[in-house]
Each structure stands twice: as structure tokens, then as C-alpha cells.
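# Overview (structure and organization)
The chain contents come next:
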Amino acid sequence: MPALAACGFASGSSVGSGEAAAASSGGGPAASTGGGPAVSAEGPAGSVPRRSLDGKVIVIDPGHNGGNAAHASEVNRLVNVITERKACDTTGTETRSGYAEHAFTWDVSNRTAKILKSQGAKVVLTRGNDTGVGPCVTERAAIGNKNKADAALSVHADGAPKGDRGFHIIEPGLVKGHNDKIISDSRKLGLALRDAYHTGTGMPFSNYRGTKALDVRDDLGGLNLSTRPKVFIECGNMQDPGDAAKLSDPEFRQKIAEALADGLTDYLT
């Protein structure tokens, strides 16, 4: 497996030191190195009746990007996330068989967006393909703010040691004078997503991070800089064989998308 940039706390979280990553290209048209414009997701989601999300705006942030690994100087550029200065972006994790986190987040985010759009929501993705670079964590937050998102979700998978397994939600920690107004609503969003994800996928709560799959952090620019309710989800640990097998399965990724859509709908309705 090629060397990947460390991007977390000691256990290897995929978002800790920059929140975006890549290892191998996932296809699609080339994006600008500045991250490119946000794009609306398209396509129906299937025939399952779902609650209306007419008038709601949802921003989905597929963590990482397929071109990051080849642009080290750009993604390593430091940006201000209020509590510290961190890399604009990072290279992330992958399974031991080489399935990259950036490809996983891109696939899951698009599947989720299709479901939400079929319910009437306006869905915006923070990147337009899986071959570009970035955008920086500051830009990812700004896209949600600019679009006045009713809810924003950053999709990730972890790179913790083997034996660490399960999923967890990362909620914003209070950074006074910056994200004060979103703390309560982000907590509600996190709870809705946790419950829906656990029910819809059967994935266990993380055995290594957070309490009952809820973790609070103030070192992530995507949360510190958000003015809209926002959380991250680590959908599982790509370094654990059991979790990796599930995350690599397209049918299971569809379950993930349906669960995330359910959680967002529960919060918004």
C-alpha cells in the first residue's frame, strides 16, 4: 500500500489534520486545482416513498479528492481554522486492498444526493468530481455557508488501527464568537444521523472514539468555520477487515446512502 499522509489523532482519523484526502483517482472530468464550483447532484433515487424536502438546502461534502496525492505543495498549504493553522487538505486512508477513502466518499455522497433530490431538496456537493484537488477545508465550510444550507454533512471513513471498528459522528465543539449559533442544531443533526445510520446499516458504534458514537471536536475547520448546522461522519474504519469489507461493497454503500438520507430527513422534518 502506498504511503499515506497521517491525518488524525493517534488512532489515525481521516480528518484530524486537514479533513480532506486522496490516494487513487476515482474517475470523472478534471476539476480545477482550486476545487471548482459546487455542483447540484442529479438523478432519481428509486421508488421508495419518502418525506418531502421541498425548499430544503442540503450540502454534502465528500471528504478528500482523487488528485490530492499528486499535489502535495498545494494540499499542505496552511490555512486558518480559528483554533490553529492546518493543511488546506490531506491525503487520506484506503482499505488494505486499495479502495481509497476519496472514492468511497464520492460514491456515497452521490448516492445520498440522488435520494435527497428525489425528495425535493436542493443538494449541493462541495466538489464536482473525484479527480481534482481540494477544495481546502475553509472552502468546504464556505460552500455550506454561501448556500445557506439547512443541514451540511461531511462524509468520511476512518484509518484507525486494525481492531478499532464501528462508526462515529463528529460534532462541532464551541469556538466562541464563531460557531456559537450552530452548536445546538448540529447536536440534533448528529443524533438524527447516528440513530438512522445505526438502524439502517447495522454498523456498531465506534469502540475507539467518542461516546455512543458521538464525538465533539474543535480542531476541524469544516466545523469551526461553518455558520450552518453541520457534522462529520466516519462511516467505519477502512483498516479493520470487517468494516473494510462492508465499505467496499456497493450494495452496502447504498444502505449507507439510504441511512444518511433518512437521518437528514429526520432532522429536517
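Only a predicted model underlies this, so the values are computations on that prediction, with no experimental measurement involved.

Glancing now at the overall build of the chain. Within the chain, the secondary structure is distributed over 7 helices and 9 strands. Each of the 269 residues in the chain was classed as buried or not, and the buried ones make up 54%. Counting only contacts in the chain whose residues sit at least 6 apart along the sequence, the fraction spanning at least 24 positions is 84%.

Contact geometry of helix α2 (residues 101–118) with helix α7 (residues 250–268) gives a least axis separation of 8 Å together with a crossing angle of 50°. The angle between α2 and α7 places the two elements in the oblique class. Once α2 is placed against α7, the crossing between them reads as right-handed. Residues Phe-104, Asp-107, Val-108, Arg-111, Thr-112, Ile-115 and Leu-116 of α2 lie in contact with α7, whose contacting residues are Pro-250, Arg-253, Gln-254, Ile-256, Ala-257, Glu-258, Leu-260, Ala-261, Leu-264 and Thr-265.

Let us now look at the nonpolar core. Phe-104, Leu-116, Tyr-197, Ile-256 and Leu-260 are the most contacted members of the largest nonpolar core, which totals 39 residues. When contributions to this core are tallied by element, the ones reaching two or more residues are β2 (57–62), α2, β5 (122–125), β6 (151–158), α4 (183–201), β9 (230–237) and α7. Ranked by the residues each element gives to this core, the list is headed by α7, at 8 residues.

Residue-level pLDDT values for the chain average 86, and 82% of them are 70 or greater. Counting contacts from residues 1–47, a segment whose pLDDT is below 50, to residues more than four positions away or on other chains yields 159 contacts.

This next bit is on the packing of α4 against α7. Axis separation between α4 and α7 bottoms out at 8 Å; the angle between their running directions is 145°. Between α4 and α7 lies a crossing of right-handed hand. Only Phe-252, Lys-255, Ile-256, Ala-259, Leu-260, Asp-262, Gly-263, Leu-264, Asp-266 and Tyr-267 of α7 make contact with α4, whose side of the interface consists of Asp-185, Lys-188, Leu-189, Ala-192, Leu-193, Ala-196, Tyr-197, Gly-200 and Thr-201.

Time to look at the pattern of salt bridges. Taken as a whole and assessed by the stated rule, the structure comprises 14 salt bridges. A salt bridge links Asp-130 to Arg-127; the nearest nitrogen and oxygen atoms lie 2.7 Å apart. Per residue, the accessibility class of Asp-130 equals that of Arg-127, and both read buried. Linking Asp-195 and Arg-194 is a salt bridge whose minimum nitrogen-to-oxygen distance equals 3.0 Å. Linked through salt bridges whose partners overlap, the residues forming this network are Asp-61, Asp-89 and Arg-140.

Position of Ser-186 among the secondary structure elements: in helix α4. We classify Ser-186 as buried; its relative accessible area is 0%. Of the polar contacts made by the side chain of Ser-186, one reaches the backbone nitrogen of Lys-230; its length is 3.1 Å.

What follows is about the state of the cysteines. The full count for this structure, using the stated rule, is 1 disulfide. Across a sulfur-sulfur distance of 1.9 Å, Cys-88 and Cys-136 are joined as a disulfide pair. Taking the sign of the torsion about the S-S bond as the criterion, the disulfide between Cys-88 and Cys-136, at about -100°, is left-handed. One end of the pair, Cys-88, is in the loop between β4 (85–87) and α2; the other, Cys-136, is in the loop between β5 and α3 (137–146), with 48 residues separating them in the sequence. For the pair formed by Cys-88 and Cys-136, the shared burial category is buried.

Let us now look at the environment of Gly-132. Assignment of secondary structure puts Gly-132 in the loop between β5 and α3. When the C-alpha positions of Gly-132 and His-71 are compared, they lie 9.7 Å apart, and in sequence the two are 61 residues distant.

Among all positions of α3, only Val-137, Arg-140, Ala-141, Ile-143 and Gly-144 are buried. In an axial view of α3, the angular spread of the buried residues amounts to 150°, which keeps them on one side of the axis. Tucked into the core, α3 has its buried residues touching β2, β3 (78–80), β4, β5, α5 (221–224) and β9. Lys-148 occupies a position one or two residues after α3 and carries a positive phi of about 50°.

Before going further, it helps to spend a moment on the side chain of Asp-130. Mapped onto the elements of the fold, Asp-130 is located in the loop between β5 and α3. Here Arg-127 takes part through its side chain, which lies 2.7 Å from a polar atom of the side chain of Asp-130.

The rules behind the values
- Residues numbered from 1 in each chain as written.
- Predicted model: local features only at pLDDT ≥ 70, side-chain atom pairs only at ≥ 80, totals over all residues.
- Heavy atoms only, no water.
- Helix = DSSP H or I, 4+ residues; strand = E, 2+ residues; numbered from the N terminus.
- Buried < 20%, exposed > 50% of the residue type's maximum accessible area, 1.4 Å probe, protein only.
- Contact = heavy atoms within 4.5 Å.
- Axes fitted to C-alpha atoms, helices over the stretch in contact; angles between N-to-C directions.
- Parallel < 35°, antiparallel > 145°, perpendicular 65-115°, else oblique.
- Left-handed = near helix turned anticlockwise from the far one by under 90°.
- Core = buried A, V, L, I, M, F, W, Y, C linked by side-chain atoms within 4.5 Å.
- pLDDT = per-residue confidence, 0-100.
- Salt bridge = Lys/Arg side-chain N within 4 Å of Asp/Glu carboxyl O.
- Polar contact = N/O pair within 3.5 Å; in protein donor to acceptor, adjacent residues only side chain to side chain.
- Disulfide = S-S within 2.5 Å.
- Arc of directions from axis to C-beta.

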